[in-house]
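Residue-level structural notes
Listed below are the residues making up each chain.
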Amino acid sequence: MSELELEVQSEGSKLDVRLLGIVDYQTTLELQRSLHQQLVASLIPDTLIVCSHNPVITCGTSTTDEHILVSEELLHARGMQLHKVERGGSATYHGPEQVVCYPIIDLKRHRTDVDWYMRSLEEVIVRTLGDWGVTGTRIPGKTGVWVDERSKIAFSGVRISRWCTRHGFSLNVYECSEQFKTINPCGLGDIRVISLSEVCSESISLDDVGQSIVAHFSEIFGYGWRGS
């Protein structure tokens, strides 16, 4: 994805979309915090960051030592960073094989319901997968999106403060199961991590998947996407 900033607008609602390409995790973490502060102060509209990352393991608030299966030194030797962050959930991997999305939105403009928000993010992923003929499913009691009861294709974890959101979700576009073997993904144990390219016969690009996510995010949250 090339670095680009778009504006999506419909009557009464506005969304700034930032397509950042491949970017270090720390850069987006600092950007999220800055945008969140501005959003809480009603200085900016809702924003959606769409990017990919250099390899990184992020550890949410429910991560335990047992969820990281290799030493931090070995992670660094493999070119992976390690970040402890304030989102919910356990450990996950982000890398250049994924599209990662960080909605910085004010739920008071939508619906102040955490469960609704999480299910809405999952619906964005489900509709995006459908654009490539893949059926995404939800599993009761678990976050993210799956292609069957053992195979997870998308991961989610958020933080909501003063009803303004941070963090978000990642969708595996290219195969990255080996990278996930460094952790116990989301503390779920023996699951299969799968990617869109493994379950779809069509040619896939990160750009196309990112555009699909933006379109469905705009539909579901009511921004009236018109395309770029």
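We now examine the overall build of the chain. Counting its regular elements, the chain contains 6 helices and 11 strands. Against the 2.2 N^0.38 benchmark of 17 Å for 228 residues, the chain shows a C-alpha radius of gyration of 16 Å, consistent with a compact globule. On the principal axes, the C-alpha backbone points of the chain span a range of 50 × 40 × 35 Å. Counting only residues that meet the buried cut, the chain has 52% of its 228 residues in that class. Accessible surface computed for the chain: about 10,000 Å², of which carbon and sulfur atoms make up 45%. Each charge sign in the chain was given a centre, from 21 positive and 30 negative side chains, and these centres are 6 Å apart.

With that settled, consider unusual backbone geometry. Residue Ser42 is not a glycine yet carries a positive backbone phi of 60°. Of note, Ser42 is situated in the loop between α1 (25-40) and β3 (46-53). Relative accessible area serves as the criterion here: at 57%, Ser42 is assigned to the exposed category. With phi around 55°, Arg162 is a residue other than glycine that occupies positive phi space. Tracing the sequence through the fold places Arg162 in the loop between β9 (151-161) and β10 (164-172). Residue class for Arg162 comes out exposed when judged on its relative accessible area of 63%.

We now examine the packing of aromatic side chains. The full count for this structure, using the stated rule, is 6 aromatic pairs. Here the aromatic rings of Tyr117 and Phe221 are separated by 6.1 Å at their centres, their planes lie at 65°, and the arrangement is edge-to-face. Taken together, the positions of Tyr117 in helix α3 (residues 114-130) and Phe221 in helix α6 (residues 206-221) put the pair 104 residues apart, joining distant regions of the chain. Of the residues examined, Tyr117 reaches a relative accessible area of 0% and is grouped as buried. Relative accessible area serves as the criterion here: at 5%, Phe221 is assigned to the buried category. Relative to Phe180, the ring of Phe155 lies with its centre 5.0 Å away and its plane at 20°, an arrangement referred to as stacked. Highlighted residues: Phe155 in strand β9 and Phe180 in helix α4 (residues 177-180), separated in sequence by 25 residues.

At a minimum axis separation of 9 Å, α3 and α6 run at an interaxial angle of 135°. With respect to α6, the axis of α3 lies oblique. Crossing of α3 over α6 shows right-handed handedness. Counted together, Trp116, Tyr117, Ser120, Leu121, Glu123, Val124, Arg127 and Thr128 of α3 and Val209, Ser212, Ile213, His216, Phe217, Glu219, Ile220 and Phe221 of α6 form the full contact between these two elements. A class-by-class count of the residues in the contact of α3 with α6 yields 9 nonpolar, 4 polar and 3 charged.

Attention now goes to the sheet that holds strand β6 (residues 91-94). Taken in spatial order, the 3 strands line up as β5-β4-β6 in an open sheet, and their pairing is mixed. At either margin of the open sheet sits one strand with a lone partner, and together these are β5 (81-84) and β6. Averaged over all neighbouring strand pairs, the angle between strand axes comes to 20°, with direction disregarded. Note that strand β4 (residues 56-59) and β6 share 4 bridges and pair antiparallel. Its bridge partner lying in β6, Thr58 is registered against Thr92.

Per the stated rule, a full pass over the model turns up 13 salt bridges. In this structure, the salt-bridge partner of Glu123 is Arg138, at a minimum N-O distance of 2.8 Å. Of this pair, Glu123 sits in helix α3 while Arg138 sits in the loop between α3 and β8 (145-146), and the two are 15 residues apart along the sequence. What makes Glu123 partly exposed here is its relative accessible area of 23%. For Arg138, a relative accessible area of 37% puts it in the partly exposed group.

Position of Ala215 among the secondary structure elements: in helix α6. With a relative accessible area of 14%, Ala215 lands in the buried category. Between the alpha carbons of Ala215 and Trp163 there is a distance of 23 Å; along the sequence they are 52 residues apart.

Reading the values: the criteria
Residues numbered from 1 in each chain as written. Predicted model: local features only at pLDDT ≥ 70, side-chain atom pairs only at ≥ 80, totals over all residues. Heavy atoms only, no water. Helix = DSSP H or I, 4+ residues; strand = E, 2+ residues; numbered from the N terminus. Rg over C-alpha atoms; globule rule 2.2 N^0.38 Å. Buried < 20%, exposed > 50% of the residue type's maximum accessible area, 1.4 Å probe, protein only. Areas by Shrake-Rupley, 256 points an atom, 1.4 Å probe, with all protein chains shown as cover. Lys, Arg positive; Asp, Glu negative; His and termini not counted. Charge placed at Lys NZ, Arg CZ, Asp CG, Glu CD. Phe/Tyr/Trp six-rings, centres within 6.5 Å; stacked < 30°, edge-to-face > 60°. Axes fitted to C-alpha atoms, helices over the stretch in contact; angles between N-to-C directions. Parallel < 35°, antiparallel > 145°, perpendicular 65-115°, else oblique. Left-handed = near helix turned anticlockwise from the far one by under 90°. Contact = heavy atoms within 4.5 Å. Nonpolar A, V, L, I, M, F, W, Y, C, P; charged D, E, K, R; others polar. Pairing = 2+ DSSP bridges. Salt bridge = Lys/Arg side-chain N within 4 Å of Asp/Glu carboxyl O.

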